[in-house]
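Spelled out from the first residue to the last, the chains are:
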Amino acid sequence: MSTDARDSADRFAVCFSGGSGIAYGLRLVEVLLTAGHEVHLCATGAALRVLVHEAGAAIDLERPDLASLFAADLRARLRVHGLQSVEATPASGSARIRATVIVPCSMGTLARVAHGFSSNLVERAADVALKEGRPLLVVPRETPLSVVHLENMLALARLGAIVLPAMPGFYHRPRRVDDLVDFVVGKILDRLGLDHALVRRWQTPGPEPASPWDEGES
Ligand SMILES: Cc1cc2nc3c(=O)[nH]c(=O)nc-3n(C[C@H](O)[C@H](O)[C@H](O)COP(=O)(O)O)c2cc1C
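Scope of this entry: the structure provided in the associated data block. (Residues numbered from 1 in each chain as written. Predicted model: local features only at pLDDT ≥ 70, side-chain atom pairs only at ≥ 80, totals over all residues.)

With respect to the overall build of the protein
So, point 1. Along the protein, the regular secondary structure elements total six helices and six strands.
So, point 2. Starting at the N terminus and walking to the C terminus, you meet the elements of the protein as β-α-β-α-β-β-α-α-β-α-β-α.
So, point 3. If one aligns the C-alpha atoms of the protein with their principal axes, the spans along those axes are about 55 × 45 × 35 Å.
So, point 4. Considering the protein as a whole, with its 218 residues, one finds that 39% of them fall into the buried category.
So, point 5. Looking at the protein alone, contacts between residues at least 24 apart form 77% of all its contacts between residues at least 6 apart. (Helix = DSSP H or I, 4+ residues; strand = E, 2+ residues; numbered from the N terminus. Buried ≥ 20, exposed ≤ 12 C-beta atoms within 10 Å, placed from the backbone. Contact = placed C-beta atoms within 7 Å.)

Here's what the structure looks like:
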């Protein structure tokens, strides 16, 4: 992300739900904060458990401190809200939230959002984005997909949400897990309309195409 993005800093809601792929959510928040944006963060109870299992995070499930997951110098622009904090900024259509991202998005949360449930702040934030006509991105990881999952995704897409499955590409010859994570986060940033340099853009291969990942690495 370009460092001068601070000049056009904006406000985003990022929601972690209990799907696999919490690394995508963590990286997205880190990149948005680094670029100078304000991030309103909320996590479901299942997301906290995934944080423990997948990221090895030392999370107190009763009193989670999500801010501690991010570097101290980034926390000033981070607002963490409890799941039941329905009075929090993302719960109101009058708050100027540029876009809401549920990443990772569990099939349960996806189903509830697709059908208008607003039983917690994550679902309410998504509901608000839909009603206000603001971008809502959901990032499911589930596979294989049942008919129920597919129908709920179709319903959300028809409502205007962007369904962006966590499906990293391999045409850039990723070497590290971080490269795969950045591929998906780059796709999210593209749909948010934010400039970034997380991945190289595809261009017409030359006679001897080299992997963009090869350059500058020892
Ligand atoms: C490590 C781990 C990975 C999981 N991965 C997924 C997943 O990819 N997709 C999914 O729908 N549920 C997944 N689950 C199950 C959800 O967390 C569970 O259905 C939960 O009730 C979702 O709640 P939420 O929608 O309130 O976050 C996973 C659970 C754990 C512990």
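Looking at the nonpolar core
So, point 1. By size, the foremost hydrophobic cluster in this structure holds 60 residues, and its most contacted members are Val14, Leu28, Val101, Ala125 and Val139.
So, point 2. Here this core takes nine residues from helix α1 (residues 22-34), the largest share from any one element.
So, point 3. Apart from the residues within four sequence positions on either side, Leu28 is in contact with Val14, Val101, Val103, Val185 and Ile188. (Core = buried A, V, L, I, M, F, W, Y, C linked by C-beta atoms within 7 Å.)

So, the sheet that holds strand β3 (residues 78-81)
So, point 1. Spatial ordering of the open sheet is given by β3-β2-β1-β4-β5-β6, a layout of six strands whose pairing is parallel. Of all strands in the sheet, those with a lone pairing partner are β3 and β6 (162-163), marking the two edges.
So, point 2. Bridge count between strand β4 (residues 99-105) and strand β5 (residues 136-140): four bridges; the pairing is parallel. Bridge pairing in β5 places Val101 opposite Leu137.
So, point 3. Against the sheet, α1 touches β1 (11-16), β2 (38-43), β3, β4 and β5, its axis set at about 150° to β4. (Pairing = 2+ DSSP bridges. Axes fitted to C-alpha atoms, helices over the stretch in contact; angles between N-to-C directions.)

Structural notes on the pairing of β5
So, point 1. With respect to burial, β5 is a largely interior element, five of its five residues being buried.
So, point 2. By the alternation rule, side chains of β5 split into Leu136, Val138 and Pro140 and Leu137 and Val139, which are all buried.
So, point 3. After leaving β5, the chain enters helix α5 (residues 147-158) and then returns to the sheet as β6, a path that is right-handed. (Right-handed = clockwise from strand over helix to strand, strands pointing away.)

Some details on the packing of α1 against helix α2 (residues 45-55)
When two helices pack together, their arrangement is given by the angle between the helix axes and the distance between those axes.
So, point 1. Contact geometry of α1 with α2 gives a least axis separation of 9 Å together with a crossing angle of 100°. Taken together, α1 and α2 sit at an angle that is classed as roughly perpendicular. Of the residues in α2, those touching α1 at Ile22, Ala23 and Leu26 are Ala47, Val50, Leu51, Glu54 and Ala55. (Parallel < 35°, antiparallel > 145°, perpendicular 65-115°, else oblique.)

Some thoughts on α5
So, point 1. Taking 1.5 Å per residue, twelve residues should reach 16 Å; α5 reaches 16 Å between its end C-alpha atoms and fits that length.
So, point 2. All of the buried residues along α5 are Asn152, Met153 and Leu156. Summarising the axial view, the buried residues of α5 lie within an arc of 100°, below the 170-degree limit, and thus occupy one face. With respect to the buried face of α5, the exposed residues turned more than 90 degrees away are Val147, Leu150, Leu154 and Arg158.
So, point 3. Looking at the packing, one finds that the buried side of α5 touches α3 (107-114), β5 and β6.
So, point 4. Taken from the residues just after α5, Gly160 is the one with a positive phi, measuring 110°. (Expected span 1.5 Å × (residues − 1). Arc of directions from axis to C-beta.)

Worth remembering: the numbers are spatial, not functional.
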